[in-house]
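Architecture and fold: a report
What follows is the residue order along each chain.
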Amino acid sequence: MTIQRRALCLALLMGLSGISLAAEPVKIGFLVKQAEEPWFQDEWRFAEQAAREKGFTLVKIGIPSGEKMMAAIDNLAAQKVQGFVICAPDVKLGMAVARAAKRHQLKVMSVDDQLVDGAGKPIADIPHMGISAYEIGKQVGQGLADEIKARGWSLAEVGALRVAYDQLPTARERTQGALDALKAAGLPLANVVEAPQAKTDTESAFNAANIAFTKNAKFKRWVAFGMNDEAVLGAVRAGEGRGFKQDAMLGVGIGGSQTALNEFSKPQATAFFGTVLISPRRHGYETALNVYEWVTTGKAPAAMTLTSGTLMTRKNQAEVRKQMGL
Ligand code: FCA
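Calculation rules
- Residues numbered from 1 in each chain as written.
- Predicted model: local features only at pLDDT ≥ 70, side-chain atom pairs only at ≥ 80, totals over all residues.
- Heavy atoms only, no water.
- Pairing = 2+ DSSP bridges.
- Helix = DSSP H or I, 4+ residues; strand = E, 2+ residues; numbered from the N terminus.
- Right-handed = clockwise from strand over helix to strand, strands pointing away.
- Near = heavy atom within 4 Å.
- Polar contact = N/O pair within 3.5 Å; in protein donor to acceptor, adjacent residues only side chain to side chain.
- Areas by Shrake-Rupley, 256 points an atom, 1.4 Å probe, with all protein chains shown as cover.
- Phe/Tyr/Trp six-rings, centres within 6.5 Å; stacked < 30°, edge-to-face > 60°.
- Buried < 20%, exposed > 50% of the residue type's maximum accessible area, 1.4 Å probe, protein only.
- Lys NZ or Arg CZ within 6 Å of the ring centre and 35° of its normal.
- Contact = heavy atoms within 4.5 Å.
- Axes fitted to C-alpha atoms, helices over the stretch in contact; angles between N-to-C directions.
- Parallel < 35°, antiparallel > 145°, perpendicular 65-115°, else oblique.
- Left-handed = near helix turned anticlockwise from the far one by under 90°.
- Nonpolar A, V, L, I, M, F, W, Y, C, P; charged D, E, K, R; others polar.
- 1 Å grid on protein atoms, 1.4 Å probe; cavity = no way out; pocket = protein on both sides within 12 Å on 5 of 7 lines; lining within 4 Å.
- Points joined across faces, edges and corners; volume = space filled by probe spheres on them.

Once that is clear, we can look at the pairing of strand β2 (residues 57-62). Pairing geometry for strand β1 (residues 27-32) and β2, over six bridges, is parallel. Among the inter-strand pairings, Val32 is bridged to a residue of β2, identified as Gly62. One crossover worth recording links β1 to the parallel β2 by way of helix α2 (residues 38-54), and it is right-handed.

Dropping the structure here:
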């Protein structure tokens, strides 16, 4: 074979493989731990928007357990997905996620809940987008403290219900921020009442709050905070059952999705006073786009992105949502 012919063959081969690569459709997975929660619905909706704009396929799977999560990752690989975004049902499954992604040669990025290794240390080489949990928690506490003041309540007589889910680091940091802001405003430490929830949904928060109210009958006024809107809503519903309506109780959540909007649109204000609105657009659209770019150009996402929030109440909801581009 002459040199020219050999070069021609090589060029042809390269061209052919180039064509087959380009023809491979891009598919990105988006796995979330609680698909029924409005926050995750919103994340998916914004991820879909990125998929439409860039022309890739988004594969959405709910992963409420470790088993479902492992099956979903295998399923993604079988569908020839090239990368995925994940909010795992338990952050301690981090190494299992990392290994499965490696085995299938999939790019992986986490969202909302940062994955940890066996020793509980964040897995630094899985890029992550989360919320600035402690700062956002402080905004919750400040929002509560300001409204306590506006109502002329004395901090000394207010019970502070912490709906807790401490096995999740971001949840712990959020409620710690809220607590620190309330303490800085003058809340006595003895007024803090713990309500550990078994799961991160409204029902579990409701049950946890009920137990806490029963044990602490001395308080006639309450504030409630937790890791998200569902946690605070559970506490608010439990309070209502005990006669603590909006004039005796205040709750500020985190999220600002439909859970909060439903409360704000009730004709009568409830004790769900406000929420710190965070951005499902950034967490859904941007993470999906990040993984798409990683797959198509090789450019990895930033190792860590933390997003901020804005206090939103029944009063300023329209304005705040508009500012956030929602
Ligand atoms: C966690 C919570 C969600 C949402 C998200 C940003 O994953 O479970 O409700 O607050 O962080």
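Back to the write-up after that little detour.
So, about the site of the ligand. In the vicinity of the ligand, the contacting residues are Lys33, Glu37, Trp39, Phe40, Cys87, Asp112, Asp113, Arg174, Met227, Asn228 and Ile278. One of the side-chain nitrogen or oxygen atoms of Glu37 is found 2.5 Å away from an oxygen atom of the ligand. Side-chain polar atom of Asp113 to an oxygen atom of the ligand: 2.8 Å apart, as the coordinates give it. Against a free-state accessible area of 290 Å², the protein chains account for coverage of 99% of the ligand.

We now examine the packing of aromatic side chains. A complete count under the given rule lists six aromatic pairs for this structure. Taking the centre distance of 4.9 Å and the plane angle of 80° together, the rings of Phe213 and Trp222 count as edge-to-face. Classification of Phe213 by relative accessible area gives buried; the value is 3%. For Trp222, a relative accessible area of 0% puts it in the buried group. Each member of the aromatic cluster is reached from another via a ring pair, and the members are Phe213, Phe219, Trp222 and Phe244. When the ring centre of Phe46 is taken as origin, the NZ or CZ atom of Arg45, which lies over that ring, is 5.0 Å away.

Here the focus is the environment of Tyr134. Mapped onto the secondary structure, Tyr134 falls in helix α5 (residues 133-150). A relative accessible area of 30% places Tyr134 in the partly exposed class. On a C-alpha basis, the gap between Tyr134 and Ala77 in space is 36 Å, while along the polypeptide they are 57 residues apart. Once you skip the residues sitting within four places of it in the chain, Tyr134 turns out to touch Glu173, Gln176, Gly177 and Asp180.

Turning our eyes to something else, we now look at the packing of helix α7 (residues 202-215) against helix α8 (residues 229-241). Running from N to C, α7 and α8 cross one another at 45°; their axes reach a closest spacing of 7 Å. Judged by the angle between their axes, α7 and α8 are oblique. Helix-helix and strand crossings are classified by hand; for α7 and α8 the assignment is right-handed. Every residue of α8 that contacts α7 at Thr202, Ala205, Phe206, Ala209, Asn210 and Phe213 is listed here: Glu230, Ala231, Leu233, Gly234, Ala235, Arg237, Ala238 and Gly239. Each residue belonging to the contact of α7 with α8 can be placed in one class, and the counts come to eight nonpolar, four polar and two charged.

Next up on the list: the layout of surface pockets. The volume enclosed by the largest pocket comes to roughly 280 Å³. Lining the largest pocket are 14 residues, with Lys33, Pro89, Asp90, Tyr165 and Thr200 positioned closest to its centre. Classifying every residue of the lining of the largest pocket by side-chain character gives six nonpolar, three polar and five charged.

Here we take up unusual backbone geometry. Note: most residues except glycine have negative phi, and most peptide bonds are trans. The backbone of Lys80 sits at a positive phi, close to 65°, despite the residue not being glycine. Tracing the backbone through its elements, the reader meets Lys80 in the loop between α3 (66-78) and β3 (83-87). Overall, the relative accessible area of 56% leaves Lys80 in the exposed class. The phi dihedral of Gln105 falls on the positive side, at around 55°, and the residue is not glycine. Looking at the secondary structure, you find Gln105 in the loop between α4 (94-103) and β4 (107-111).

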